[in-house]
Amino acid sequence: MRLGVIGLPNCGKTTIFNALTGSDFPVEPFSSGQLEVHTAVVSVPDIRVDRLAEVFKPKKTTYAAVTYTDIGGLDKGIGEGLSGQMRSELQQVDGFLHVIRAFEDTNVPHPYETVDPLRDLAIIDGEFLLVDLIAVENRLARLEEERQKGKVDNKQRHATETALIERLRAQLDAEQPLRDLDLAPDEHKLLRGYGFLTLKPVLVIFNTGDDSAVAVDYDHQHTLIVSLQGQLEAEIAQLDDPDDIAAFLAEYNIDEPSRERVIRLSYELLGIHSFLTYGDDEVRAWSLRKGGSAVDAAGTIHTDLARGFIRAEVIAYDDFIEAGSAAEVKARGKMRLEGRDYVVRDGDMIVVRFNI
Ligand SMILES: Nc1nc2c(ncn2[C@@H]2O[C@H](COP(=O)(O)OP(=O)(O)O)[C@@H](O)[C@H]2O)c(=O)[nH]1
Ligand SMILES: [Mg+2]
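All of these numbers come straight from a predicted model, not from anything done at the bench.

*Asks:* Run through the overall build of the protein chain, naming residues and quoting values.
*Replies:* In terms of regular secondary structure, the protein chain is built from 13 helices and 12 strands. Taken over the C-alpha atoms alone, the protein chain extends approximately 65 × 65 × 30 Å along its principal axes. Sorting the 356 residues of the protein chain into buried and exposed places 47% on the buried side. Sequence separation of at least 24 residues holds for 66% of the intrachain contacts in the protein chain that already meet a minimum separation of 6. As displayed, the protein chain offers around 18,300 Å² of accessible surface, 47% of which is attributable to carbon and sulfur atoms. Distance between charge centroids for the protein chain: 11 Å, based on 39 positive and 61 negative side chains.

And the structure:
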């Protein structure tokens, strides 16, 4: 799963990308205004994986991963003239980290002179609405053309799609993002290929610098909001020595870095959670879409496990910690044998029984 870091020039995208990924890409007080993209994969911190690794002392420990892409070059007015390359960068990600400048610093110019988080939030939102509206209009025109030319193979599907896209247009005409619509799973499926920007989940990050957290009225579905001291977090991410980190946190009077919390939030934003596998070889967290079944989980590990799926042995993580070992969980009658349709819960420890 991949998240795109977006925002106006100089809001601190690259700074926050560096903070989250431990990268060290140059940050500058002047933005080039060009499309510039950096990508990095990050492990999702998970205390359950840490604890299981202590118990099993495996050869290998693997966390769930998310990929971040820092997408520079967005600005007001881009909606209508979005370049093909920028469009594909934006369409390909599964969600956005929308960075908003909330720090005052006379050394860092703001493209619109003043620091005004709500205005900036509305600028990019407005551009994305416009991009989606153009895509929707184009699709409706195409559907109408097909109908007039009698080129419709499947009347039912044509009608379903037209009705759905008209619903999207009404939403966008009302200047509301598509992620606020309640869509059924098969409607989502129908829309998957379009890459609509306002349909993607958003984590809004107010980059506050040394200033205080921002409170705003921004109420949307599939949307989370967090405040972060970008520059400070980027500096912490460059330290590896735990003593240095402790000293740094003490100096700035911070309880803990926000990095881990923000990574976890961005993971949750994507509508996925983790199940766990364990043993002497490897302790591992795997990502699964919420609502995914035991056979989906098996298929995430390997297609053979899904193909030859018999049953899943499932232990809830909390039961494992309470009992101390898999044998003790079993003795207490808390290991469950589940079939292929079992809906996996966050933190389930799973062994797949299979036969191929
Ligand atoms: N004072 C202050 N400056 C920051 C902070 N975060 C980023 N900057 C500065 O703002 C400028 C633009 O940051 P950058 O990450 O390159 O922004 P981008 O254009 O959105 O990628 C750089 O000079 C950064 O050092 C912050 O938290 N406080
Ligand atoms: Mg940048």
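Having seen the model, we can carry on.
*Asks:* Account for the nonpolar core, with residues named and values stated.
*Replies:* Counting 39 residues, the largest nonpolar core has Leu52, Tyr68, Leu97, Leu203, Ile205 and Met349 as the members making the most contacts within it. Counting residues per element, this core draws most heavily on helix α9 (residues 259-269), at five residues. Other than its neighbours up to four places away in sequence, Ile205 contacts Ile16, Leu97, His98, Val99, Ile100, Val226, Leu228 and Val262. Core analysis: the next-biggest nonpolar cluster, separate from the first, contains 16 residues, Leu181, Tyr194, Phe196 and Leu199 among them.

*Asks:* So what about a negative patch on the surface? Which residues, and what values?
*Replies:* A contiguous patch of negative charge, built from Asp50, Glu54, Asp255, Glu256 and Glu260, is present on the exposed surface. Here Glu256 shows up in the loop between α8 (242-251) and α9. Taking relative accessible area as the criterion, Glu256 reaches 52% and is therefore assigned exposed.

*Asks:* Describe the site of ligand 1, with residues and values.
*Replies:* Lining the immediate surroundings of ligand 1 are 18 residues, of which Asn10, Lys13, Thr14, Thr15 and Asp105 lie closest. Cys11 places a main-chain nitrogen or oxygen 3.3 Å from an oxygen atom of ligand 1. Note that an oxygen atom of ligand 1 is positioned 3.1 Å from one of the backbone N or O atoms of Gln231. Surface burial for ligand 1 is 89%, taken as the share of its 580 Å² of free accessible area covered by protein chains. Listed by contribution, the elements that provide at least two residues to the shell around ligand 1 are α1 (13-21) and α7 (230-237).

*Asks:* Kindly report on the sheet that holds strand β2 (residues 36-43), identifying the contributing residues and their values.
*Replies:* Two orientations exist for strands paired in a sheet by backbone hydrogen bonds: parallel and antiparallel. With respect to topology, six strands assemble into an open sheet ordered β2-β4-β1-β5-β6-β7, the strand pairing being mixed. Each having just a single partner strand, β2 and β7 (223-228) make up the two edges of the open sheet. Averaged over all neighbouring strand pairs, the angle between strand axes comes to 20°, with direction disregarded. By the bridge criterion, six bridges tie strand β5 (residues 95-101) to strand β6 (residues 202-207) in an arrangement that is parallel. In the strand pairing of β6, Phe96 is matched with Val202. Where helix α4 (residues 117-148) meets the sheet, it contacts β1 (2-6), β5 and β6, and its direction lies at approximately 145° from that of β5.

*Asks:* Outline unusual backbone geometry, supporting the account with residue identities and numerical values.
*Replies:* Backbone geometry at Asn10 places phi at a positive 70°, although glycine is not the residue there. Among the secondary structure elements, Asn10 is positioned in the loop between β1 and α1. Positive phi, close to 40°, is recorded for Lys57, a residue that is not glycine. With respect to the helices and strands, Lys57 occurs in the loop between α2 (47-56) and β3 (60-62). Looking at Lys57, the relative accessible area reads 65%, which means it is exposed.

*Asks:* Report on α2, specifying residues and quantitative values.
*Replies:* What α2 keeps buried is the set Arg48, Val49, Leu52, Ala53 and Phe56. Down the axis of α2, the buried side of the element spans an arc of 135°, and every buried residue falls inside it. More than 90 degrees from the buried face of α2, the exposed residues found are Ile47 and Glu54. Turning to α2, the residues buried within the fold contact β3, α9, β8 (272-277), β9 (282-289), α12 (317-323) and β12 (348-354). At the N-terminal end of α2, a side-chain oxygen is found 3.0 Å from the backbone nitrogen of Arg48, two or three residues along, and the residue is Asp46. With its phi angle positive at about 40°, Lys57 sits one or two positions after the end of α2.

*Asks:* Lay out the packing of α1 against α7 in plain terms, naming residues and giving numbers.
*Replies:* Remark: α1 packs on α7, axes separated minimally by 8 Å, with the N-to-C direction vectors making an angle of 35°. The chirality of how α1 crosses α7 is left-handed. Only Gly230, Gln231, Glu233, Ala234 and Ala237 of α7 make contact with α1, whose side of the interface consists of Thr15, Ile16, Asn18 and Ala19. For the contact of α1 with α7, the class distribution of residues is four nonpolar, four polar and one charged.

The rules we used
- Residues numbered from 1 in each chain as written.
- Chains lettered and ligands numbered in written order.
- Predicted model: local features only at pLDDT ≥ 70, side-chain atom pairs only at ≥ 80, totals over all residues.
- Heavy atoms only, no water.
- Helix = DSSP H or I, 4+ residues; strand = E, 2+ residues; numbered from the N terminus.
- Buried < 20%, exposed > 50% of the residue type's maximum accessible area, 1.4 Å probe, protein only.
- Contact = heavy atoms within 4.5 Å.
- Areas by Shrake-Rupley, 256 points an atom, 1.4 Å probe, with all protein chains shown as cover.
- Lys, Arg positive; Asp, Glu negative; His and termini not counted.
- Charge placed at Lys NZ, Arg CZ, Asp CG, Glu CD.
- Core = buried A, V, L, I, M, F, W, Y, C linked by side-chain atoms within 4.5 Å.
- Patch = residues over 30% accessible without salt bridge, like charges linked within 9 Å, V, L, I, M, F, W, Y side chains within 5 Å.
- Salt bridge = Lys/Arg side-chain N within 4 Å of Asp/Glu carboxyl O.
- Near = heavy atom within 4 Å.
- Polar contact = N/O pair within 3.5 Å; in protein donor to acceptor, adjacent residues only side chain to side chain.
- Pairing = 2+ DSSP bridges.
- Axes fitted to C-alpha atoms, helices over the stretch in contact; angles between N-to-C directions.
- Arc of directions from axis to C-beta.
- Left-handed = near helix turned anticlockwise from the far one by under 90°.
- Nonpolar A, V, L, I, M, F, W, Y, C, P; charged D, E, K, R; others polar.

By themselves these figures say nothing about function.
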